[in-house]
Amino acid sequence: MDKFVVVIAESEHGELTQASLECVEEGREVADQLGAQVHTILCGNEVTPLAATLAAHGADRVTVVEHEALAQFSADGWLQALAPVLLDAHPTLLLAPDSGQIRAWLPRLSVRWRLPLVGCCMRIGIIGDGYPEIIRHTYGGACQERLIWPYATLVCAMLTPGVRGVGAPQRGRSAEVTVVRPELDPASFRDRTLRTLPADPRTVSLSEAERIVSGGFGAGGPDGMALVKRLAEQIGAALGGTRVAADRGWLAVERFIGSTGQIVAPKLYMAFGVSGAGQHLSGITGSEQVVAVNSDRTAPILKRADLGVVGDLHQILPILIRKLTEITP
Ligand SMILES: Cc1cc2nc3c(=O)[nH]c(=O)nc-3n(C[C@H](O)[C@H](O)[C@H](O)COP(=O)(O)OP(=O)(O)OC[C@H]3O[C@@H](n4cnc5c(N)ncnc54)[C@H](O)[C@@H]3O)c2cc1C
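Owing to the predicted nature of the structure, the values given are computational and were not obtained by experimental measurement. (Residues numbered from 1 in each chain as written. Predicted model: local features only at pLDDT ≥ 70, side-chain atom pairs only at ≥ 80, totals over all residues.)

Draft legend 1. Up close: the sheet that holds strand 6 (residues 93-97). Read from one edge to the other, the open sheet built from nine strands follows the order 9-8-7-10-6-1-4-5-11, with strand pairing classed as mixed. Whereas interior strands pair on both sides, the edge strands pair on one side only; in this sheet they are strand 9 (143-148) and strand 11 (176-180). Across the sheet, the mean angle from the axis of one strand to that of its neighbour is 30 degrees, orientation sign disregarded. Inspection of the sheet shows strand 1 (residues 4-9) paired to strand 4 (residues 37-44) by six bridges, in the parallel sense. What sits directly across from Phe4, in strand 4, is Gln37. (Pairing = 2+ DSSP bridges. Helix = DSSP H or I, 4+ residues; strand = E, 2+ residues; numbered from the N terminus. Axes fitted to C-alpha atoms, helices over the stretch in contact; angles between N-to-C directions.)

Dropping the structure here:
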């Protein structure tokens, strides 16, 4: 019998979330170890065109569950729509993003079906004769836990967004696509989302941010951090930083990045006065482009940077902000 790693994908404003693509790629690696296929399930309204992207990131099969009532998220709606599809899919392992929406319905299904559910997952592997092995972070990232299910039980694993980053799509890869149109009764949904607003880059969760500007101890104090923040606002980026900056009170504690803070995977990561300690760098491994400004040419961040500038951030930032103001309409 064929084995399936089943991945739940999510879309937002007509696009797949980065966290979903990370799950598909993680599912691909696990499926390759198991000799299994990746079966991705996507729920929504008019989301079928996104199946090609899921295939390009590793899905062998895509089931799209389409219904007008699924245009906006409802935990009751998702449960009604997805439970029968998941039952038919016979997963060997179930993988989903550790997102607010998944947390609203998957735990209910796992209780109903008496399945182990694991959140905050960082890595999923297979050991022995096909036993799932999960590494997850606990105590706010201070510890890591290794979990093994020796009887190859079906496990539902929720992968922390940003923890692995998204690789390049493989052109020419295709998947078998099935569209399911379930009969749903929206009147029976006890919860409804009226509308969702695009994220404000200043307050967006760092794990979802496409651009991040970070400040470290080298910012020298709240005034230096204010300069870093001005640049972030100017380029529509989220503000982040190091644990030291947060410990000093220059940055909100939920905005520091690293092994004990936020794990991020932006397209652009800019670091000002950040040395690049291992604990910080382990939080930015998924970043596509890293730009670093540091006065010390031996700072480790400059080895990680795609563009490294050796200089004083207090001189460079005002010039950068002024030049951007000149070219921004
Ligand atoms: C258990 C544990 C967990 C940790 N977890 C995390 C974590 O999750 N995230 C995290 O960030 N840290 C974490 N840390 C702390 C980490 O080890 C480093 O101490 C921290 O990342 C350093 O922060 P920093 O780069 O801001 O400061 P520093 O290491 O002091 O670096 C400041 C940098 O600024 C440069 N600089 C100074 N002045 C200027 C200037 N005018 N212009 C330009 N550059 C300048 C300096 O050359 C230097 O490279 C953890 C530590 C421990 C022990």
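Draft legend 2. Broad picture of the sheet that holds strand 14 (residues 268-272). Strands sit in the order 13-12-14-15-16 across an open sheet of five strands; the sheet is parallel. The strands lining the two open edges of the sheet, one partner per strand, are strand 13 (238-241) and strand 16 (307-310). Across the sheet, the mean angle from the axis of one strand to that of its neighbour is 15 degrees, orientation sign disregarded. Two strands pair when backbone bridges link them, and strand 12 (residues 211-215) and strand 14 are joined in this way by five bridges, in the parallel orientation. The partner of Ile212 across the bridge, within strand 14, is Tyr269. Each of strand 12, strand 13 and strand 14 is contacted by helix 5 (residues 222-234), which is oriented at about 170 degrees to strand 12, the strand it contacts most. (Contact = placed C-beta atoms within 7 Å.)

Draft legend 3. How the structure looks around helix 5. Here helix 5 spans 18 Å end to end across 13 residues, near enough to the 18 Å set by a 1.5 Å rise per residue. Packing partners of the buried residues in helix 5 comprise strand 12, strand 13, helix 6 (243-247), strand 14 and helix 9 (313-327). Trailing helix 5 by a residue or two, Gly236 shows a phi angle of about 65 degrees, which is positive. (Expected span 1.5 Å × (residues − 1).)

Draft legend 4. Summary view of the site of the ligand. The immediate surroundings of the ligand are formed by 28 residues, with Gly216, Phe217, Gly218, Gly258 and Ser275 found nearest. For the shell around the ligand, the secondary-structure elements that each account for two or more residues are helix 6, helix 7 (278-281), strand 15 (289-294) and helix 9. Looking at the shell around the ligand, the element that brings in the most residues is helix 6, giving three residues. Residue composition of the shell around the ligand, grouped by class: 10 nonpolar, 15 polar and three charged. (Near = placed C-beta within 6 Å. Nonpolar A, V, L, I, M, F, W, Y, C, P; charged D, E, K, R; others polar.)

Draft legend 5. Highlighting helix 4 (residues 100-113). With 14 residues, helix 4 extends 21 Å between its outermost C-alpha atoms, agreeing within 8% with the 20 Å of an ideal straight helix rising 1.5 Å per residue. The largest bend in helix 4 comes to about 25 degrees, at Leu106, with the proline Pro107 one to four residues further on. The set of residues buried in helix 4 consists of Ile102, Trp105 and Leu106. The elements touched by buried residues of helix 4 are strand 1, helix 3 (75-89), strand 6, strand 7 (117-127) and strand 10 (156-159). (Bend = angle between axes of the 7 residues up to and from the residue. Buried ≥ 20, exposed ≤ 12 C-beta atoms within 10 Å, placed from the backbone.)

Draft legend 6. Representation of the packing of helix 5 against helix 9 in the model. Across the interface, helix 5 lies against helix 9 with an axial gap of 10 Å and an inter-helix angle of 25 degrees. By the angle class used here, helix 5 and helix 9 are roughly parallel. Helix 5 and helix 9 meet at a crossing whose hand is left-handed. Here Gly224, Leu227, Val228, Arg230, Leu231 and Gln234 of helix 5 lie close against helix 9, whose contacting residues are Leu313, His314, Leu317, Pro318, Leu320, Ile321 and Leu324. Residues that form the contact of helix 5 with helix 9 fall into these classes: nine nonpolar, three polar and one charged. (Parallel < 35°, antiparallel > 145°, perpendicular 65-115°, else oblique. Left-handed = near helix turned anticlockwise from the far one by under 90°.)

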